[in-house]
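Tertiary structure, described
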Amino acid sequence: MSYQVLARKWRPRTFDELVGQRHVLQALTNALDSERLHHAYLFTGTRGVGKTTVARIFAKSLNCEQGVSSKPCGQCSSCTEIDEGRFVDLIEVDAASRTGVDDTRELLDNVQYAPTRGRYKVYLIDEVHMFSKSSFNALLKTLEEPPAHIKFLLATTDPKKIPPTILSRCLQFNLKRITVEHIEQQLRKILEQEKIETDDRSLEMIATAADGSLRDALSLLDQAIAFGGGVLRADEVAGMLGTIDKDQVLGLLQILAEKNAATMLEKLNELKELGPDYSIILSELLALLQAISVHQLVPEARKEHRDRERLEKIAAKMTPEESQLFYQIALTGLRDLSFHPDPGSGFEMILLRMLAFRKLHVEEVIDPALVKKKPSKRSDKIGLSDQEPFEQSKAAVANVSQSTSLRPGDWHDVIEQLNLDGLPYQLALGCVFEKYEDGEFHLSLSPGSMRTARIEEQLQQALRDRFGSDLRLVISEKVLEGTETPRARQSREEQQRLDEARQVIESDPDVQALCDAFDATIIQDSIRPLKGGK
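Every value quoted in this text rests on a predicted model; they were computed, and no experiment measured them. Here the residue numbering is sequential within each chain, running from 1 through the sequence in written order. Predicted model: local features are reported for residues with pLDDT of at least 70 only, side-chain atom pairs are reported and counted for 80 or more only, and whole-chain, interface and lining totals are derived from all residues. Side-chain numbers here rest on the full set of heavy atoms in the structure, without hydrogens or water.

Moving on to the side chain of S213. We count a stretch as a helix when DSSP gives it H or I for four or more residues in a row; a strand needs E for two or more, and each element gets its number in order from the N terminus. Residue position: S213 is located in the loop between α9 (200-209) and α10 (214-227). With relative accessibility at 0%, the residue S213 sits in the buried group. Think of a polar contact as two N or O atoms within 3.5 Å of one another; within protein, one of them needs to be a possible hydrogen donor and the other a possible acceptor, and neighboring residues in sequence only count if both atoms come from side chains. A polar contact of 3.1 Å, which involves the side chain of S213, links it to the backbone nitrogen of D216. Dropping the residues within four chain positions of it, S213 is found in contact with R47, G48 and I183. Any residue under 20% of the maximum accessible area for its type is buried, any over 50% is exposed, and the rest in between are partly exposed; the area is computed with a 1.4 Å probe on protein chains only. Contacts: residue pairs with any heavy atoms within 4.5 Å of one another.

Given below as structure tokens:
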């Protein structure tokens, strides 16, 4: 007896044997059991999810000699002939090979005649979206006034190409991609029946590579059985699929978490010798990064993940921002990988990009004492650790009668406590504090600076909210020599943070490793200091 491929041997013959698609099966079984039957059904979904299988079982349910039911007997002549593909009243059509209007008219000429043996004459049209416009028009005429003994079962992977006039006359059911877990369970069940030895890793790799298609999974399983000589082993399945074992992918993730560029290059050289499919590795890396992100935000989730313990250790070495960054770079890299002339080099650049663009924690490499922390804008308190004069003026902020203790160097920090933004904030940054006496708050401003009565009024109100309602703002234009405006101070501190950031990057061992490996140079203009000096 000739060998029958697994996809045909294990094709479901009843609704109970179908994997997934519960939402579709519930609607169909209820309709069959109550005999509330429509004349046309459209099944949509990607390849290998069960569209034509559902249609055949539905046709069997309609024509079973025991009566219309969601559970056909499977023993009568009608059931067996449908299973064997030779039932005269089930007309299966591949629309891709019969796109012409003449073919469609010839097909539909016999619609008016009663079924030869069955209860219903069933037209199963696969890939119906391949019909021409004229063919759709011919089909539409029949769908508008179908005979009572006719049922149309249409299947397609691209429902957007079907005219709305056809769609509106069909009950539409969208079959979803089958989950990796469901595919894996079905493969394990089949291998137990076939008495073939396997391991969990092999089944997981095949189920993942099937991309939601059970038929593809069974085809890959057939190939893996032949490749392994009747036994499935993880390393052989990985070689057949052009991927690597998940332990090695976890190893890559571990290196990413440790931010070790030199070790990463060594690992990538080892992988190149295996000649893997780098797009598959990236897909697996994406799945692991997603699991890590979920764990970081919801630790109690994904408890059933088989690599949970190892993923938890890796997650502890990454910040949530880093795992999101790595995921985004991998996702973009997966899209761009096909454009790279050498996939191995392209994959290498994707991983090195993750290391190069990771968040830089300045406080880890700079003495915290050197980092000046800027007081929060809109804060309710003024606190400066490095300016003694302002420490003496804290009471003046709280009590108007003592406000004369304010000194020019305090103005920058007073601004940060005022409820200012926009143009009033910019005006304040360009001023220098002179004095505060007799209820007048004196500021100096460089000649030619932008100022309007409205802007000055808003600044005066902010000062009144802080120092008292009787305060009057006086701004005089004069040359500011030997004084530093808050704007100038901000620029100086920004430059200091930029210099510190450049020093950190130039001394970073990972950056140096990248520069040495690729004979690269650091683009100075691309360096940006972290906000707030952190």
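From this point, things continue past the structure.
Further remarks concern the sheet that holds strand β5 (residues 171-174). Strand pairing is assigned whenever DSSP detects at least two bridges linking the two strands. Read from one edge to the other, the open sheet built from five strands follows the order β2-β3-β4-β1-β5, with strand pairing classed as parallel. The two strands at the open ends of the sheet, each matched to only one other strand, are β2 (90-94) and β5. Neighbour-to-neighbour, the strand axes of this sheet turn through a mean angle of 15°, independent of strand direction. Where strand β1 (residues 40-44) lies against β5, four bridges are found, and the strand directions are parallel. Pairing of T44 across the sheet is with N174, part of β5. Orientation is described by lines fitted to C-alpha atoms, with helices fitted over the stretch in contact, and by angles between N-to-C directions that extend from 0 to 180 degrees. Across the sheet, helix α2 (residues 22-34) lies against β1 and β5, angled at about 150° from β5, the strand it touches most.

What follows deals with the nonpolar core. Grouping buried Ala, Val, Leu, Ile, Met, Phe, Trp, Tyr and Cys residues that are joined through side-chain atoms within 4.5 Å yields what is termed a nonpolar core. If you look at the biggest cluster of nonpolar residues, it comprises 37 residues, and the most contacted ones within it are L253, L351 and M354. The leading source of residues in this core is helix α14 (residues 278-297), at nine residues. Apart from residues lying up to four places away in sequence, L253 is in contact with L285, L288, L289, I292, L311, I314 and M318. Counting 26 residues, the second-largest nonpolar core is a separate cluster that includes M205, A210, L220 and A238.

It is worth spelling out the pattern of salt bridges at this point. Salt bridge, as used here, is a side-chain nitrogen of Lys or Arg placed within 4 Å of a carboxyl oxygen of Asp or Glu. Per the counting criterion, the structure on display carries 28 salt bridges. Here E457 ties to R454 by a salt bridge, and the two come within 4.0 Å at their closest N and O atoms. Separated by three residues within a single helix, E457 and R454 lie in helix α22 (residues 453-467), roughly one turn from each other. For E457, a relative accessible area of 47% gives the class partly exposed. With relative accessibility at 53%, the residue R454 sits in the exposed group. The residue R489 makes a salt bridge to E493 at a minimum N-O spacing of 3.1 Å. Of this pair, R489 and E493 both sit in helix α23 (residues 486-507), four residues apart, which is roughly one turn of that helix. In this pair, the class of R489 matches that of E493, namely buried. Connected through shared salt-bridge partners, E65, E81, E84, R86 and R117 make up one network.

Moving on: α10. By definition here, a helix of n residues has an expected span of 1.5 Å times n minus one. A rise of 1.5 Å per residue sets the reference length of α10, with its 14 residues, at 20 Å; its end C-alpha atoms lie 20 Å apart and thus fit the reference within 8%. Those residues of α10 lying buried are L214, A217, L218, L220, L221, D222, A224 and I225. Contact partners of the buried residues in α10: α1 (6-9), α8 (180-194), α9 and α11 (234-241). Once α10 finishes, G229 follows within two positions and takes phi at roughly 65°, a positive value.

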